[in-house]
Amino acid sequence: MVAVLMYLKAFLVGGIICAIAELILIKTKITPARILVLFLMFGAVLGGFNIWTYVVNWAGAGATLPIIGFGNSLAKGAIEGATSNGFFGALGGGLMATSAGIAVSIGLSYLVCLFSSSKTKRN
Amino acid sequence: MKKLGKQTYEMANPVTISYAHALVGSKEKNGPLSKYFKDYFEDDTFGEKSFEKAERKMLKTAISDMLLANKINIDDIDLYIGGDILNQLVSSNFVAEELQIPFVGVYSACSSVTESLALASTLIDGGFCNRILCSACSHFSAAERQYRFPLEFGNQRQAYSQWTVTGAGCMIVDKKESQNCPKIKRVCFGKVVDYGVLDLANMGAAMAPAAADTIMEFFKDTKTQPSDYDLIATGDLGKLGSDIFRDILAQNSIVIENNYIDCGHMIFNGNQECMQGGSGAGCSAVVFSAYIYQKMKQKKLKKVLLLATGALMSTTTNQQGDAIPAVSHLIELEA
Amino acid sequence: MNKSQRNQDYLMYVEKQSPKSPWLSSLFRAFIMGGTICCFGQMIGDVIKSFFPTMDLLTVGAWVNISVIALTIILTAFGIFDVLAKYGGAGTFIPISGFANSIASCAIEYKKEGLVFGVGAKMFYVAGPVIVNGVSYSMLVGIIYFIISLF
């Protein structure tokens, strides 16, 4: 029962965040790239004040997967780095916390581009 | 040839469009004009490694098919005038290199077909050339990667956006008169207008004022009116753009009845998810070559106005916050 | 009438004429797609946890991210992701899948310009802003935190 509830919460939080982004996209002329940056900044602020952690604990992947979660990890990584490694950690901590995701994105993209070609859109 | 009013030129002798040929992609072939598009290709890459190469090959194929089918010797052609919408006009330039005849590249984006036909007819009527080859082409995938996003990038299209037509149209303009072939009677070069539209997806709204401006100048210069023509065809305004075009004309007390079509609006149907319709230099070129030209040859249409419209921005000017300037060139045809 | 006034009137008129995307259904689709992706991530997290019960939550979260990224890139390579994105809108680009898709799609698209100036230089054509801004914010947060912790 607890597990099912967790899925529901993840669905709800993830869905609502995306729906808010879609609403901004439709109602204003802000482009998707700018919305991404906006949400990222929002996540970094929430991470800086250690607020997003509560949402992550409540909704799991529903809070970590959206780009706000990415901003949150960046900010929290920087704080952690500052605590353990001082100024040096403060500079690199954010990238360190998210490095695996970025590395996989780059590495795997490089790999697939070697054998995949872009196909025209049907519609 | 004489100049009428401010922008219009009237040919002293009839200038004939002797041949016209269109080659389209499979999406266009599956559209409402299917039975008019005789030549098409299924594979979007045309067997080439990149979409730019595919566009080039499409243009080359369209031209050589036309020359071959009508037994035209390439050396009899004095000049080649062509345009497309890729940076530095690469498609036309590279094909011109293969053809090895003098070449004038013209850029007015999607208005290339009427611009090249208009220039060709003035050159012929001026007595400088006897036979000129004109062409215009565009390719959806090549345009998409130059103007928008990578093809595999997941984005949603706006409800007011348009779909770049994959197709190439080419025509032979001749001094020699021929009974059945449409003739270019008058041409009108348009002014560049800028109505402040910033949204790259809303081409129709950016280009409609240009088309309206050119056609109003043309009516003023020639003292004609819409009802004098069997058909008035705009290039690629799309549904929204053509509604705006009619509205602007109505505000200037010019009423267009049912003799109006838009090439972009008619090339795709509602189920093809192209929103407002087609766009691109190939759009008006293939609809003219395959549909309007053939109808005129069969004498089903006698007097036609064709105004292709072009949006003249680049991605750089757009990112720097400049609005989209647009132009429209008009040709008057008579069967 | 001067030009800027004319343009302003025209833009207002265009705005009124332009068809709107049906927003309620778009909203609903974004909700469904975003929710599904997050639910899927949650499931992957649970599977990982069942195999490695001692793993801490942060590492599990990182693995979830990596799995979603990997899956997105594979779907992009097979030309499936853009179809999903057309349906989901913000529901696909707000989760980490959008980030992965933007990198993979650029890599695949621009490989025709070669591995150095095509793939290498243009891979971040779309995703660049996210990384640049993200790293800058995180440095800012880190430095502010470091200065506060001095006192």
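Data block above holds the structure.
Quick caveat, the model's predicted, so the values are computed rather than measured. (Residues numbered from 1 in each chain as written. Chains lettered and ligands numbered in written order. Predicted model: local features only at pLDDT ≥ 70, side-chain atom pairs only at ≥ 80, totals over all residues. Heavy atoms only, no water.)

Colleague: Explanation requested: the overall build of chain A in the structure shown.
Modeller: If you tally the helices and strands in chain A, you get five helices and zero strands. Taken from the N to the C terminus, the helices and strands of chain A come in the order α-α-α-α-α. On C-alpha atoms alone, chain A measures out to a radius of gyration of 17 Å, which is more than a quarter above the 14 Å that the 2.2 N^0.38 rule sets for 123 residues. When the backbone C-alpha atoms are referred to their principal axes, chain A occupies close to 50 × 40 × 35 Å. Counting the 123 residues in chain A, one finds 47% classified as buried. Counted over contacts in chain A with a minimum sequence separation of 6, partners at least 24 positions apart contribute 55%. Here chain A has roughly 5,900 Å² of accessible surface; of this, 75% comes from carbon and sulfur atoms. (Helix = DSSP H or I, 4+ residues; strand = E, 2+ residues; numbered from the N terminus. Rg over C-alpha atoms; globule rule 2.2 N^0.38 Å. Buried < 20%, exposed > 50% of the residue type's maximum accessible area, 1.4 Å probe, protein only. Contact = heavy atoms within 4.5 Å. Areas by Shrake-Rupley, 256 points an atom, 1.4 Å probe, with all protein chains shown as cover.)

Colleague: How do you make sense of empty space enclosed by the protein when you look at a structure like this?
Modeller: The rolling of a water-molecule-sized probe over the atoms marks out the regions of remaining empty space. Residue and element names in this part refer to chain B. Applying the stated criterion to the full structure yields one cavity of 30 Å³ or more. There is about 200 Å³ of room inside the largest cavity. Taken together, 16 residues make up the lining of the largest cavity; nearest its centre are Ile85, Tyr147, Arg148, Met203 and Met313. Of all the secondary structure elements, the ones that give two or more residues to the lining of the largest cavity are α5 (140–147) and α6 (203–222). Taken together, the residues that form the lining of the largest cavity break down as 11 nonpolar, three polar and two charged. (1 Å grid on protein atoms, 1.4 Å probe; cavity = no way out; pocket = protein on both sides within 12 Å on 5 of 7 lines; lining within 4 Å. Points joined across faces, edges and corners; volume = space filled by probe spheres on them. Nonpolar A, V, L, I, M, F, W, Y, C, P; charged D, E, K, R; others polar.)

Colleague: Sorry if this is basic, but what is going on with the side chain of B:His21 here?
Modeller: Residues and elements named next belong to chain B. As for its position among the elements, His21 is in strand β2 (residues 8–25). Residue His21 is classed as buried on the basis of its relative accessible area of 15%. Of the polar contacts made by the side chain of His21, one reaches the side chain of Asp39; its length is 3.0 Å. When neighbours within four sequence positions are excluded, His21 is seen to be in contact with Asp39, Ala62, Asp65, Met66, Ala168, Gly169, Cys170 and Ser289. (Polar contact = N/O pair within 3.5 Å; in protein donor to acceptor, adjacent residues only side chain to side chain.)

Colleague: What exactly am I supposed to notice about the pattern of salt bridges here?
Modeller: Opposite charge on two side chains makes pairing possible when the charged atoms of those side chains draw close. Residue and element names in this part refer to chain B. The full count for this structure, using the stated rule, is 21 salt bridges over all chains. Of the charged contacts, one joins Lys191 and Glu217 as a salt bridge, the two residues approaching to 3.3 Å between their closest N and O atoms. Of the two residues, Lys191 sits in the loop between β9 (183–188) and α6 while Glu217 sits in helix α6, which places them 26 residues apart along the sequence. By relative accessible area, which is 32% here, Lys191 ends up partly exposed. In this structure Glu217 comes out as buried when scored by relative accessible area, which is 9%. (Salt bridge = Lys/Arg side-chain N within 4 Å of Asp/Glu carboxyl O.)

Colleague: Even after reading the chapter, I still don't get the interface of chain C and chain A, so can you show me in this structure?
Modeller: How big an interface is tends to be expressed through the accessible area that disappears when the partners come together. Of the residues lining the interface, 63 residues belong to chain C; the matching set on chain A comes to 67 residues. For the pair chain C and chain A, the summed buried area comes to about 5,600 Å², and 78% of that belongs to carbon and sulfur atoms. Between the two partners, chain C and chain A, sit zero salt bridges. Between the two partners, chain C and chain A, sit 13 residue pairs in polar contact (both at pLDDT 80 or more). Where the side of chain C that touches chain A is concerned, the elements lending two or more residues are α2 (23–51), α3 (57–77), α4 (81–88), α5 (90–93), α6 (96–110), α7 (115–122) and α8 (128–150) of chain C. (Buried area = accessible area lost by both parts, 1.4 Å probe.)

Colleague: Looking at this model, I keep getting lost on the layout of surface pockets. Mind explaining?
Modeller: Within this model, the second largest pocket holds a volume of roughly 840 Å³. Looking at the second largest pocket, it is lined by 36 residues, and the ones nearest its centre are A:Val56, A:Thr64, C:Leu57, C:Leu58 and C:Gly61. Per-element accounting of the lining of the second largest pocket gives the leading share, 12 residues, to helix α5 (residues 67–115) of chain A.

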